[in-house]
Amino acid sequence: MITRTKYNPKEIEKKWQEQWEAEHLYTASDDSPKPKFYHLVMFPYPSGDLHMGHWYNYSPFDTYGRFKRMQGFNVMQPIGFDAFGLPAENAAIKRGIQARTWTLSNIENMRKQLQAMGAQWDWKREVITCLPDYYKWTQWLFLQFYKQGLAYRTKAPANWCPGCNTTLANEQVLADGTCERCGSLVIRKEIDQWLLKISSYAERLLDFSEVIDWPEKTITMQRNWIGRSEGAELRFTIEVAGEREEIPVFTTRPDTIYGATFFVLAPEHPWVEKITTPAQQEAVLAYVEQARRMTEIERMSTEKEKSGVFTGSYVTNPISGEQVPVWIADYVLMGYGAGAIMGVPAHDQRDFEFARKFGIEIREVVRPEGEEPGDPATWDAAREALGRLVNSGPFDGATGPEAKEKIVAFAEQQGIGKAMINYRLRDWLISRQRYWGAPIPIVYCPEHGTVPVPEDQLPVWLPENVQFKATGESPLRYEPDFVNTTCPVCGGPATRETDTMDTFIDSSWYYLRYADPHNSEEAWSAAKMQQWLPVDQYVGGVEHAILHLLYSRFFVKALHDMGHVTFDEPFKRLLHQGMVLGSDGQKMSKSRGNVEAPDQYVEKYGADTVRCYMMFIGPFEAGGSFRADNLEGIWRFLNRVWTLVSDGWLNGAGSASETKESQAIERLRNKTIKKVTDDLSHFRFNTALAALMEFNNTLIKQQPTEVAQSAAFQRSLETLLQLLAPMAPHLTDELWHQIGHSQSIHTSNWPTFEERLTIDESFTLVLQVNGKIRERIDVDASISEDEVRELALSNPRIQSFIGDSTVQKVIYIPRKLVNIVVRPA
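Residues numbered from 1 in each chain as written. Predicted model: local features only at pLDDT ≥ 70, side-chain atom pairs only at ≥ 80, totals over all residues. Heavy atoms only, no water.

- Taking an unreviewed UniProt entry as the reference, the chain is identified by name as Leucine--tRNA ligase belonging to Tengunoibacter tsumagoiensis.
- Within the UniProt record for the chain, the comment given under Sequence similarities (unreviewed entry) is "Belongs to the class-I aminoacyl-tRNA synthetase family."
- Here is the UniProt Catalytic activity (unreviewed entry) comment for the chain, exactly as written: "tRNA(Leu) + L-leucine + ATP = L-leucyl-tRNA(Leu) + AMP + diphosphate". (UniProt positions renumbered as here; feature names shortened; annotations may be inferred.)

What follows is the structure, given as structure tokens:
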């Protein structure tokens, strides 16, 4: 029975959260006959508190999931915590506590905050990546990659701190290139590390044909990151200690080979030490040391002035036979191609800038059609367009793709090169020389070498109580009970790998574990994979557009090839939320003093108000500014809904006969259903709320008229609650029960509409003569084009403007206007 009460969110929200939990309302059934809808948001890192960014992401996300549930889907909407990582380790060191203690304490707090949000989280599927029941299967996955040759150990460059005598993650290196712990200048050093062979999947990762709906920008970012280039490998030669050696280079412009006037090696290229002459040794060593201190981003910056050092040696151009000088320069990276390039300054801007600085010849070898010969020494920039070859020996006159084909064919015929496809994508370095991560399940035996831990011995437990060194080195190295073990092959003394895995490993498969989170016998069952995967809708920040999403796609493709899953892409649809800004329109940050914590506003206004406000500040994918004062507007709207339904249901019995006014309400009800359904289907939460505000205001205006006594009005009140339910779940469930329903509003069916009732019975027709508005008249919505023509031409006012002129044509835009085009007599 409904009674007049004041809207009290603190009281009703706690009540309904407990009720939903007791009824397991949001626990996804593995046996439901309904169509499945796997609805996933990127799981949070347990930093300790939810911030406005979480609310901006999760509120619309949850609204969409609730909408799909009411549409009849079996919705799985799980949540968990990405709990390993450097911040926890740093916090443990700073606070003198264990990383596990700090992490689990934060999770407990964030879990309460997530529950207070009122989202339909399926808590029975919660995963926490730092717990053994999860990282056991992370280790198992590593072993699967290892067995397939996709995980391997080799020397790879890493950030090395001489002061701490340890490697550092990129996050531990400050902007000025120093160690965050001791302030020493960090260098690049090659050490043994574990990698995953993601480069083997480069071509397949470029294929998005099985992705249903991803942002085109994200697809482009991934393709650019993979960086597929078609070209050729050409083998330059050099004399070393009386022996002729080859140094291969990859180029996308084999047509410019005769324009190569210098040759560049990456500073870390193994040939640098071999070919540097004694006279250049000091300068080269100093430059190599300098390059080690720079990040790849700094080295590749187009704004950075080019630098380099001559090695004193020369290589032979395989096509022209010309001797060209060998330099080292930091704009060449070992990770791309073979860490060597041919410098063609006339037709590559980076090479042009380098040659200009060091006085190297700039030789034109490609000239676009119609362009006159010129002196490259006078050019302002390189000319990178294709064209006809000049100064290219027997290839002069060849043009564009033909020129490339001829030179590559010649190189293959002579055995000095070949056509090649190259990728920017490099193998994924997963070793982390730190404590708080999943241990790599590898043992090193003096007799049998590298030995994987048998699967039945997993997990390799991460010690929970460790002592951190002042140097910041991983404490695992100094835990004898962890390090010392026996070889699984011979039973002799052996040692464990002390590196832990990159936390991107944990997040590359968590969405699979959600489908079968309590399985202690396998990472997941085939039946659960078949039932729930792939993910139907994935929501998260655009900052994960490359690494997390690319790694997840790699994992699924590799697991598909191993026979562990039957699908080839993890996420059918992907949506990125925008960024919530401070009241000053700037990104929220502590340094700007514009960070807003949500808890105080939830306490004052309730979760429903904060949820709706976060959806109302702007388009979901665009973001908007959080202004606390504007919460009042949403608060008033929800209070008006409360009062309308309370008073409207109490006063109305649906006894009044249908009138023209009540029929208009019924039409508005159908229009609103159509509008909100379409908006929610396309994540347009702000416009859906605007439509509900308009609907609510119109209903309020009907009181205390006879319309408020009609069945149409009563239906409209129920519809208003159902359409608002995904956005304000607590308020609507409370009112739904107050008006007599026994089941949760969130289990009710989404309202449907009749198309004929969404069309107005009449509309205003604009009458024009030669494009100028001359009259407006109301006409029946069913009017035909012939009737419109007749009505317009017979209108007295229109006739006065036509006069003796000749009507050339009548243009009708349905339900909008008619334009009569006339020509003077």
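**Some words on the overall build of the chain**
Part 1 of the argument: Helix and strand content of the chain: 26 helices and 29 strands.
Part 2 of the argument: The proportion of buried residues among the 825 residues of the chain is 54%.
Part 3 of the argument: Sequence-distant contacts in the chain: of pairs separated by 6 or more residues, those separated by 24 or more amount to 72%.
Part 4 of the argument: For the chain, the exposed surface amounts to about 36400 Å²; the carbon and sulfur share of it is 49%.
Part 5 of the argument: For the chain, the distance from the average position of its 88 positive side-chain charges to the average position of its 108 negative side-chain charges is 3 Å. (Helix = DSSP H or I, 4+ residues; strand = E, 2+ residues; numbered from the N terminus. Buried < 20%, exposed > 50% of the residue type's maximum accessible area, 1.4 Å probe, protein only. Contact = heavy atoms within 4.5 Å. Areas by Shrake-Rupley, 256 points an atom, 1.4 Å probe, with all protein chains shown as cover. Lys, Arg positive; Asp, Glu negative; His and termini not counted. Charge placed at Lys NZ, Arg CZ, Asp CG, Glu CD.)

**Looking at the environment of W509**
Part 1 of the argument: Along the chain, W509 turns up in the loop between α14 (503-507) and α15 (510-513).
Part 2 of the argument: Taking relative accessible area as the criterion, W509 reaches 0% and is therefore assigned buried.
Part 3 of the argument: Taking the C-alpha atoms as reference, W509 lies 35 Å from A266; in sequence the two are 243 residues apart.
Part 4 of the argument: If we skip the residues at most four places from it in the chain, W509 touches Y134, W137, T138, L141, A523, W524 and F555.
Part 5 of the argument: Within the structure, W509 has its side chain in polar contact with the side chain of Y134 (distance 3.2 Å). (Polar contact = N/O pair within 3.5 Å; in protein donor to acceptor, adjacent residues only side chain to side chain.)

**Observations concerning the packing of aromatic side chains**
The description of an aromatic ring pair uses the distance of the two centres, along with the angle that the planes make with each other.
Part 1 of the argument: Under the defined criterion, the tally for this structure stands at 51 aromatic pairs.
Part 2 of the argument: Judged by centre distance (6.5 Å) and plane angle (20°), the ring pair of F142 and Y146 falls under stacked. In this pair, F142 and Y146 are both assigned in helix α5 (residues 132-147), four residues apart and thus about one turn of the helix distant.
Part 3 of the argument: Accessibility expressed as a relative area gives 24% for Y146, which makes it partly exposed.
Part 4 of the argument: Taken together, the aromatic side chains of F37, Y56, Y64, F67, F73, F620, F683, F685 and W750 make up a single cluster linked through ring pairs.
Part 5 of the argument: Residue placement shows K197 over the ring face of Y152; its charged tip is 5.5 Å from the ring centre.
Part 6 of the argument: Over the face of the ring belonging to W214 we find R553, whose NZ or CZ atom lies 6.0 Å from the ring centre. (Phe/Tyr/Trp six-rings, centres within 6.5 Å; stacked < 30°, edge-to-face > 60°. Lys NZ or Arg CZ within 6 Å of the ring centre and 35° of its normal.)

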